[in-house]
Amino acid sequence: MMNLTQALDELVTANRILACEGVVDSFGHVSIRHPYRPDRYVLSRARAPECIEVEDLMEFTCDGTPTDPVGRKPYAERFIHGAVYEARPEVRAVVHHHSPGVIPFSVTGARLSPVMHMCAGIGTRVPTWDSRATFGDTNLLVTNMEMARELAEALGPRPVILMRGHGCVVAGMSLREVVFNSIYLQLNANLQLKASGLGEITFLSEGEVAAVLRTRGSFTFERAWEFWCRRAARPYDVRPMEGTA
Ligand SMILES: [Zn+2]
């Protein structure tokens, strides 16, 4: 198991990568489940991901209460993370982002599904959660556990859910996986939008998505992570590899 220092360092790297790849801008955030305290998670104070340092990382209980605030202001939408960790014991990392590429799919009801093998990790069909259905006219931010729990319930066992007129949530078994799926979610949305102007789209079938995921070993995430670390000018901390996909 990774020690806490390594885990925090990797979380800083994840923030920088997501910013470097244009998935997050001044907004959006990424968290990890605490490596020793599964009832807690680690997330930065409210700051643009590109600027985040280890000192910005804060610990929260699943209901969004900071355990060591020392004057730091948390993200208003931190509740998203805790609700997913609470509902999904297997989840180790969560990203919430507002990538412009995915927004058109959240406001039209247009299907968002993998159009390319590298994007199979987004799931066969990405659902959309509409905060207005239960909570009426809000500023669309998920600022309490009630909203976050409903969002987590709508996510269910899936890796990704869109949020109408807002963004999305990506959940996974490791930080490298959620960063990978966040970047390829954005790519898939952009490719799908481009393809839709050319003609009818042939999506990956459920069987193809399953086959890609079966053969996608940690090698896939490592190869991508090393590349993204280089682009984000962060050190690459190698992880033991399984599989050869
Ligand atoms: Zn948001």
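Structure's up top.
Everything numeric in this text was worked out from a predicted model, so none of it was measured.

**What about the side chain of R234?**
Structurally, the position occupied by R234 is in the segment after α8 (218–231). A polar side-chain atom of R234 sits 2.9 Å from a polar atom in the side chain of T13. Filtering out sequence-adjacent residues up to four positions away, R234 remains in contact with D9, V12, T13, R16 and C229.

**Points about the packing of aromatic side chains**
Here the structure, examined in full by the defined rule, presents six aromatic pairs. On the basis of an interplanar angle of 20° and a centroid distance of 5.3 Å, the ring pair of Y41 and F60 is categorised as stacked. Placement of the pair is Y41 in strand β2 (residues 40–44) and F60 in strand β3 (residues 57–61), with a sequence separation of 19 residues. Among the aromatic residues, those joined into a cluster by ring pairs are F180, Y184, F221 and W228.

**Quick word on the coordination of the zinc ion**
Six octahedral donors around a metal ideally sit at 90 or 180 degrees from one another, while four tetrahedral donors ideally sit at 109.5 degrees. Within the protein, E77 (OE), H96 (NE2), H98 (NE2) and H166 (NE2) serve as the donor atoms for the zinc ion, at 2.0 to 2.1 Å. The site at the zinc ion holds four donor atoms, and with the angles between them running 96 to 141°, its shape is irregular. Along the chain, the residues that donate to the zinc ion are spaced as E-x18-H-x1-H-x67-H. For H96, a relative accessible area of 0% gives the class buried.

**Brief notes about the side chain of S44**
Tracing the backbone shows S44 in strand β2. Classification of S44 by relative accessible area gives buried; the value is 1%. Excluding anything up to four places from it in sequence, S44 contacts I52, D56, L57, M58 and Y75.

**A word on the pattern of salt bridges**
Under the definition given, this model contains 14 salt bridges. A salt bridge links D39 to R37, with the nearest nitrogen and oxygen atoms 3.2 Å apart. On the accessibility criterion, R37 (34% relative accessible area) is partly exposed. In this structure, R149 and E86 form a salt bridge, with 2.7 Å as the shortest nitrogen-oxygen distance. With a gap of 63 residues between them, R149 in helix α5 (residues 145–155) and E86 in helix α2 (residues 79–87) connect regions that are remote in the sequence. On the basis of relative accessible area, E86 is assigned to the partly exposed category, the value being 39%.

**Let's talk about the pairing of strand β4 (residues 93–97)**
Burial analysis of β4 places five of its five residues in the buried class, which makes it a mostly covered element. Across the two faces of β4 the burial is the same, with A93, V95 and H97 and V94 and H96 all buried. Direction of pairing for β4 relative to strand β7 (residues 167–172): antiparallel, over a ladder of five bridges. Its bridge partner lying in β7, V95 is registered against V170.

**So, the pairing of strand β1 (residues 29–33)**
In terms of burial, β1 is a largely internal element, five of the five residues being buried. With burial as the criterion, each face of β1 is covered, one bearing H29, S31 and R33 and the other bearing V30 and I32. The pairing of β1 with β4 spans four bridges and is classified as antiparallel. By the bridge assignment for β4, V30 is matched with V95. Pairing geometry for β1 and β2, over two bridges, is antiparallel.

**So, the packing of α2 against α5**
In contact at an axis separation of 8 Å, α2 and α5 are set at 50° when each is read in the N-to-C sense. Comparing the axis directions of α2 and α5 gives the class oblique. In this structure, α2 meets α5 at a crossing whose hand is right-handed. Of the residues in α5, those touching α2 at F79, I80, G82, A83, V84, E86 and A87 are M145, A148, R149, L151, A152 and L155.

The rules we used
- Residues numbered from 1 in each chain as written.
- Predicted model: local features only at pLDDT ≥ 70, side-chain atom pairs only at ≥ 80, totals over all residues.
- Heavy atoms only, no water.
- Helix = DSSP H or I, 4+ residues; strand = E, 2+ residues; numbered from the N terminus.
- Polar contact = N/O pair within 3.5 Å; in protein donor to acceptor, adjacent residues only side chain to side chain.
- Contact = heavy atoms within 4.5 Å.
- Phe/Tyr/Trp six-rings, centres within 6.5 Å; stacked < 30°, edge-to-face > 60°.
- Donors = N, O, S within 2.8 Å, 3.2 Å for Na, K, Ca; no water.
- Tetrahedral: all angles 85-135°; square planar, octahedral: opposite > 155°, others 65-115°.
- Buried < 20%, exposed > 50% of the residue type's maximum accessible area, 1.4 Å probe, protein only.
- Salt bridge = Lys/Arg side-chain N within 4 Å of Asp/Glu carboxyl O.
- Pairing = 2+ DSSP bridges.
- Axes fitted to C-alpha atoms, helices over the stretch in contact; angles between N-to-C directions.
- Parallel < 35°, antiparallel > 145°, perpendicular 65-115°, else oblique.
- Left-handed = near helix turned anticlockwise from the far one by under 90°.

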